[in-house]
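These are the residues of each chain, in order.
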Amino acid sequence: MSTTVDTTAATAAPKERTPLRPARVLLHVFLAGMALAWLGPLLWALYAAMRPYGETSEKGYVSWPDKLSFDNFTNAFTQSDMTHYFLNTLIVAVPAVLVTLFLSSMVAFYVSRFDFRVNIFLLLVFTAGNLLPQQVIITPLYRLYLLIDLPGITMSGKLYDSALGLVLIHVAFQSGFCAFVLSNYMRSLPHELTEAALVDGASVWRLYWQIVLPLCKPAMAALGTLLSIWIYNDFFWALVLISTGENMPITSALNNLSGQYFTDPNLVAAGALLTAIPTLVVYFALQRQFVSGLTLGANKG
Amino acid sequence: MTTTPTESPEAATPPPGSGPAAKTAKAAKVPRGHRRLLTRRDRLTLGLMAGLPTILHVALVWVTAFASIALAFTTWDGIGFDSIKWVGFDNFKELFTNNPQFWPAVEHNIIWFVALILIPTPLGLFLAVQLDKQIRFSRVYQTAFFLPVVMSLAVIGFVWQLIYNPDTGLINSLIGANEPGHYIDWIGDPDLNLWAILIAASWRHAGYMMILYLAGLKGVDPSLREASALDGANEWQTFKNVIFPTLRPTNTVVLVVTIIEALRAFDLVFVFNKGAEGTELLSILVTNNIIGESSRIGYGSAIAVVLLVISLVVIIPYLIATFRKERRA
């Protein structure tokens, strides 16, 4: 293969397009084929979701369509009152993302600016906690949530089966990752910045709120995008910590909803795709943030 | 990064020794300077800023993790603390010798890891290497491969059911196995279902690995590649001898992420068949013990402890190595 030459030519003069070589064409064919195969399951779900149930049950799923429409989507949406479940998600996800960013940026500020010895220990605790499988802590957590009485504060009167409970565990679990990423980011900011402000008599809080935090906007945006998608996609916490089907966020509710349209796979497909839409919108709108958030943790910030 | 995490549940990934070297060295000195300038109110603010998040995290994550360990040696009906009884290793004995689901679950978790590391991980690396070649439409391809990583595992479970469903699914419709009597039950058959689910899991994992490797490849010095080409190495030799060795930090992250993902595997299986025969996993056993009819707190905790021990064996050496490198820097 002559692609080695290709690579060096490309690195030497990236602006100039190298003439198409057979190897390059082959590579494009391969990648396009793979990409299509990768989209295949989703396209198949979309195809099934756009066909009426009567038609597919008569002609089979692998058949030419007579009629394509979005009826299944509207039906799935209204029949199962999806707005309600989307709102449930919103009530959990928005506070959880904001509080996680707020708390983890404070920890990051402290460890990156003030105490380097505690820094490592604290970060170790936070990151290790974030890497644990959720099932390790779920049994005692479930009991704890049942034991904590909050009459008048949550609908259920307990931490169990409440949006507050979900927000708390999301914040506690995700702040580990965020504190780690943010502290690395903050450490790369020049120290003279905060030092000068301290000499001028600025309070620690001003230092954090008016100097350091505004400089962390790119990292915060990336983490915010990542957290929104993770928390939106959470299935497990709500499955165990919410007992009332009505209170479930959309991703976990999907499991029950699919039971409602059990005889109609087309409707299930439509419901599942509707659930995926918000994440896809966020992903396409903020792809750069999402990817950089993910790799921020895995590589140098 | 699981996370997804997460994942998220996605496995979150701390960096393998990051932190700009020069600044870190300086940071070790500066704090003392900062310290002296602090007023009492500042110290209080700082204490709260570090303390409150730490208390929340420790209370909900670490206290519960240690409670898992403690409860694993007891029986408890969950009503009142008086009924907690110390039973020593009874729960573990019963788990290891008397639970027909336990050893299959351990085996499936291991298979999950081996499958992910052998198939989608190298595939992700391969795709990343191809996409790193300054190729046209690279972003389009990346978007396609990465799309499954953005979607929730629950949605992925439903999407793949449309492919595996015995009578209405794509595969059986294509091969004519969708007639009664000819069904191939991809979801129910204990010999098939784990592999069917692993294909769906790999579909997602490959894109995740691709992104991690792409980021790693961006950090490879282009002059290395040029030098290797000038020496007359072909593409494979360059990759094997030059590129892959420099990807070592990324490989570590990938390994840890894959192990954590294998231990966390839950959503997909739960949506598929709730962990029926053939797809038992440790995470499923723990969960079924809570939301199932006969909740046995001590016993469920014992399973969680097995999961915890395996996780810590991976997490602790990894984090210690990461942080030590950082401190040295």
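Predicted model only: the values in this text are computed from it and were never measured. (Residues numbered from 1 in each chain as written. Chains lettered and ligands numbered in written order. Predicted model: local features only at pLDDT ≥ 70, side-chain atom pairs only at ≥ 80, totals over all residues.)

Regarding the overall build of chain B
Reasoning step 1: Along the backbone of chain B there are 15 helices and two strands.
Reasoning step 2: Here chain B, with 329 residues, has 47% of them falling under the buried criterion. (Helix = DSSP H or I, 4+ residues; strand = E, 2+ residues; numbered from the N terminus. Buried ≥ 20, exposed ≤ 12 C-beta atoms within 10 Å, placed from the backbone.)

Side note on helix 10 (residues 204-215) of chain A
Residue pairs three or four apart in sequence face the same way in an α-helix, which turns once every 3.6 residues.
Reasoning step 1: Counted at 1.5 Å a residue, the expected span for helix 10 of chain A with its 12 residues is 16 Å, and the 16 Å between its end C-alpha atoms agrees.
Reasoning step 2: When we look at burial in helix 10 of chain A, the residues that qualify are A:Val204, A:Leu207, A:Tyr208 and A:Val212. Down the axis, helix 10 of chain A shows its buried residues gathered within 90 degrees of arc, on one side only. Seen from the open side of helix 10 of chain A, the exposed residues pointing more than 90 degrees away from its buried face are A:Gln210 and A:Pro214.
Reasoning step 3: Structurally, helix 10 of chain A contributes buried residues whose contacts are with helix 5 (82-113), helix 8 (163-187) and helix 9 (191-199) of chain A together with helix 2 (40-71) of chain B. (Expected span 1.5 Å × (residues − 1). Arc of directions from axis to C-beta. Contact = placed C-beta atoms within 7 Å.)

A word on the confidence of the model for chain A
All names here are of chain A.
Reasoning step 1: Averaged over all residues, the pLDDT of chain A equals 82, while 89% of them reach at least 70.
Reasoning step 2: Mean pLDDT per element in chain A: helix 1 (residues 3-12) is the minimum at 40, and helix 5 is the maximum at 91.
Reasoning step 3: A low-confidence stretch, residues 1-15 stays under pLDDT 50, and its non-local contacts, those more than four residues away or across chains, total 26 contacts. (pLDDT = per-residue confidence, 0-100.)

Section: the packing of helix 10 (residues 222-230) of chain B against helix 11 (residues 235-246) of chain B
Residue and element names in this part refer to chain B.
Reasoning step 1: One can describe the packing of helix 10 onto helix 11 by two numbers: an axis separation of 10 Å at closest approach and a directional angle of 160 degrees. With respect to helix 11, the axis of helix 10 lies roughly antiparallel. For helix 10 against helix 11, the interelement crossing comes out right-handed. The segment helix 10 lies against helix 11, with Leu224, Arg225, Ser228 and Ala229 engaging Thr238, Val242 and Thr246.
Reasoning step 2: Class assignment for the residues of the contact of helix 10 with helix 11 results in three nonpolar, three polar and one charged. (Axes fitted to C-alpha atoms, helices over the stretch in contact; angles between N-to-C directions. Parallel < 35°, antiparallel > 145°, perpendicular 65-115°, else oblique. Left-handed = near helix turned anticlockwise from the far one by under 90°. Nonpolar A, V, L, I, M, F, W, Y, C, P; charged D, E, K, R; others polar.)

With respect to the environment of A:Leu273
All names here are of chain A.
Reasoning step 1: Tracing the sequence through the fold places Leu273 in helix 14 (residues 265-285).
Reasoning step 2: Judged by the 23 C-beta atoms lying within 10 Å of it, Leu273 is buried.
Reasoning step 3: Spatially, the C-alpha atoms of Leu273 and Phe73 are 8.6 Å apart, while their sequence positions differ by 200 residues.
Reasoning step 4: Apart from residues lying up to four places away in sequence, Leu273 is in contact with Ala45, Leu46 and Ala49.

Details of unusual backbone geometry
Reasoning step 1: Not every positive phi belongs to a glycine, and A:Asp81 is a case in point at roughly 55 degrees.
Reasoning step 2: On the secondary structure map, A:Asp81 appears in the loop between helix 4 (71-79) and helix 5.
Reasoning step 3: Here A:Asp81 falls in the partly exposed class, since 13 other C-beta atoms lie within 10 Å of it.
Reasoning step 4: If you check the backbone angles, B:Gln134 has positive phi at about 55 degrees while not being a glycine.
Reasoning step 5: Within the secondary structure, B:Gln134 is located in the loop between helix 5 (120-131) and helix 6 (138-150).

Re the confidence of the model for chain B
Residue and element names in this part refer to chain B.
Reasoning step 1: Overall, the predicted model of chain B reaches an average pLDDT of 81, with 87% of residues at or above 70.
Reasoning step 2: Note on residues 1-33: pLDDT under 50 across the span, and 103 contacts to partners over four residues away in sequence or across chains.
Reasoning step 3: Interface scoring of the predicted complex returns ipTM 0.83; its pTM is 0.84.

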